[in-house]
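Descriptive structure summary
Listed below, chain by chain, are the residues.
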Amino acid sequence: MTYTAVITGASKGIGLDLAQRLLEKGYKVISIARNAPEGFEHPDFETVKADLLDPAAVEEAAQAIAAKHQVSHFIHNAGMIWPNLVEEATPDDLAGLTQLHLGSALTLLQAFLPSMKEQKFGRVLFNGSRAALGVPTRTAYSATKAGQVGMARTWALELAPHGITVNVVAPGPVQTDNFWGIIPKGSERESKLAENLPVGRLGTTRDISNAFLFFCDPENGFVTGQTLYVCGGGSVSTTTL
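Scoring rules and cut-offs
- Residues numbered from 1 in each chain as written.
- Predicted model: local features only at pLDDT ≥ 70, side-chain atom pairs only at ≥ 80, totals over all residues.
- Heavy atoms only, no water.
- Pairing = 2+ DSSP bridges.
- Helix = DSSP H or I, 4+ residues; strand = E, 2+ residues; numbered from the N terminus.
- Axes fitted to C-alpha atoms, helices over the stretch in contact; angles between N-to-C directions.
- Contact = heavy atoms within 4.5 Å.
- Buried < 20%, exposed > 50% of the residue type's maximum accessible area, 1.4 Å probe, protein only.

Re the sheet that holds strand β4 (residues 73-76)
The parallel open sheet is built from 7 strands, whose spatial order is β3-β2-β1-β4-β5-β6-β7. This sheet does not close on itself; its edge strands, each paired only once, are β3 (45-49) and β7 (227-230). Across this sheet, the average inter-strand angle for adjacent strands is 20°, counted without regard to direction. Of the strand pairs in this sheet, strand β6 (residues 164-171) and β7 are connected by 4 bridges, and their pairing is parallel. Each residue of the ladder has a partner; that of P171, found in β7, is V230. Against the sheet, helix α1 (residues 13-24) makes contact with β1 (4-8), β2 (28-33), β3, β4 and β5 (122-127), and its axis sits at roughly 170° relative to β1, the strand it touches most.

In structure tokens form, the structure reads like this:
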């Protein structure tokens, strides 16, 4: 069987690392992102440009991919934080991140499901967040990341009879642009956060892609509806960002 993985936000960070590792395993990989990755090309890698905050653009991308490819793996990796305290949080924050983290995933999965059901195989994954358990300044982000957990559990129940698993990888503090947009790179705050994690360091993109690879593996079909915290122990400690 030839596997085709669609990864949102595979232009950099965790998404790009996962894409490269799946390509090494012989997968075809399609990234949905605003831009193609800089300095990376592969004959089995394709970028479909779309803004996931725009429902019409997502629908167009979904239909274009579904018309050309039999998608076997869908990894919804793209995300944004938009931090602010509760006094400054707005309904627009919630609406925007709901579209990005939840709405776009629904539209894309609906386009890919016929192929997965025909193959009687599929792997659906969310890049969630430890922030779903609560982090200051994350009203919209934590709410929509928690929503991914609920949606994944529901999809897992509906799709299990079709050989399709649905799981969530929930990273803690990981060295990515999103993280450094909140915590200055090389700052004392970054060092202190690393020291306070039970494992004593920040996560890497490789730490997270390791977890995704487990769930992507065709042999791991007995695990569905689960959330795996890859957070250096942050989900069982009192450390916050």
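Let's talk about the pairing of β4
Covered by surrounding structure in β4 are H73 and I75 together with F74 and H76, the residues of both alternating faces. Inspection of the sheet shows β1 paired to β4 by 3 bridges, in the parallel sense. Looking across to β4, one finds that V6 is bridged to F74. Across 4 bridges, the pairing between β4 and β5 is parallel.

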